[in-house]
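# Architecture and fold: a report
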Amino acid sequence: MDPLQDPHTAPATLFARATETVQIVRKNLPPELQNPKVAIVCGSGLGGLADTTEASPRVEMWYEDVAGFPRSTVAGHEGKLVFGVIGPSKTPVVLLVGRAHFYEGHTMELVTYATRVCKLLSVQIMIVTNAAGGLNPDYSVGDIVMLNDHINIAGFAGFHPLRGPNDESFGVRFPPLSDAYDLELRRRGHAAWQKLRAADVGTSSKRRLHEGIYSFVAGPSYETRAECRLLRLVGADLVGMSTVPEIIVARHSGIRVLALSLVTNSAVLEAGPRGDDPAIAGMNVAELEEYLSRGRANHEEVLEAGREAAKDMVGLVRQILVDLDV
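Residues numbered from 1 in each chain as written. Predicted model: local features only at pLDDT ≥ 70, side-chain atom pairs only at ≥ 80, totals over all residues. Heavy atoms only, no water.

An unreviewed UniProt entry annotates the protein as Purine nucleoside phosphorylase of Rhizodiscina lignyota. A UniProt comment under Pathway (unreviewed entry) is attached to the protein, and it reads "Purine metabolism; purine nucleoside salvage." UniProt's Sequence similarities (unreviewed entry) comment on the protein is quoted here verbatim: "Belongs to the PNP/MTAP phosphorylase family." (UniProt positions renumbered as here; feature names shortened; annotations may be inferred.)

Structure representation (structure tokens):
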């Protein structure tokens, strides 16, 4: 068994594997790209963020060719590392175009392995993006939400990325998460958005930027109506199947975090129709199916919303990085 798939993997083994991966990766990079300061995780349909880098220097590596990385199996996740520079200061960055998900059958150790590698590559800031369902009725499809907190539903059930022996080489046994979402980076995010709006560049006039709370669920099925109401009741503005494990491990490793969600569908909060509802009494089977499917999420719609909003997300991330001094 691969040590990273073993839930009882010793910390020393994890640290050694991540160190080995970093050594292999750096052998294929020019000196100016070997110590990226910023990592950007590209969520579903947001692989276009890789276009934020300059044309040169630039190096791409497929996950399957990188020791320890899982192969990406989900549509909209290419599965590659992109090393390059961004902005007038030529800030070295690494983009993770696609991610591993818990629902694919990976352990939490493997889901967050790339984050460990980023730590050992000397990454200081991680910008994590995702596609998410909107639970807050004030959100519209295509809006962008900066996360300021999360609810780790899967973690409540014991599926936590820090479960098991702790390695002090990465971080402390009991890391605090009340400051998980860096306030200074969020302030910069809002300033960058206003700058783009003022210049009327890179942002749709109808798209809005919010702050909100993300609820992490294991997936891969989309949530039921009752589950959506429950999540909204406990304070969640968004729901998705990624991001939180990476953020927990990033904070455990001392990496500052900025997280951005793209609202790709609006969760259905109202209860489904009853079988004895007079409104459906005269409907045939096809009409019943159409009636019940209103608001139903599907992955292709998620990807399409990502494509539509990609330019705005790219513009925002690029502006944040141009304004950063790292």
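## Side note on the overall build of the protein
Summing up its helical and strand segments, the protein has nine helices and nine strands in all. Per-residue burial over the protein gives 52% buried out of 326 residues. The contacts in the protein between residues at least 6 apart in sequence include a share of 81% that link residues at least 24 apart. Carbon together with sulfur atoms contributes 54% to the accessible area of the protein, which is approximately 14500 Å² in total. (Helix = DSSP H or I, 4+ residues; strand = E, 2+ residues; numbered from the N terminus. Buried < 20%, exposed > 50% of the residue type's maximum accessible area, 1.4 Å probe, protein only. Contact = heavy atoms within 4.5 Å. Areas by Shrake-Rupley, 256 points an atom, 1.4 Å probe, with all protein chains shown as cover.)

## Regarding the UniProt feature "binding site: a purine D-ribonucleoside" (unreviewed entry) in the protein
Taking the numbering used here, the UniProt-annotated feature "binding site: a purine D-ribonucleoside" (unreviewed entry) corresponds to Glu223 and Asn265. Look at the named residues: they lie 43 residues apart in sequence, but the longest C-alpha span between them is just 12.0 Å, so in the fold they bunch up. Of the annotated set named above, Glu223 line the second largest pocket. Mapping Glu223 onto the fold places it in the loop between strand 7 (209-216) and helix 6 (225-233). (1 Å grid on protein atoms, 1.4 Å probe; cavity = no way out; pocket = protein on both sides within 12 Å on 5 of 7 lines; lining within 4 Å.)

## Digging into the side chain of Thr21
Among the structural elements, Thr21 can be located in helix 1 (residues 11-27). Given a relative accessible area of 1%, Thr21 falls into the buried group. Within polar-contact distance, the side chain of Thr21 engages the side chain of Tyr113 at 2.6 Å. Not counting chain neighbours up to four residues away, the residues in contact with Thr21 comprise Val66, Ala67, Gly68, Phe69, Tyr113 and Val117. (Polar contact = N/O pair within 3.5 Å; in protein donor to acceptor, adjacent residues only side chain to side chain.)

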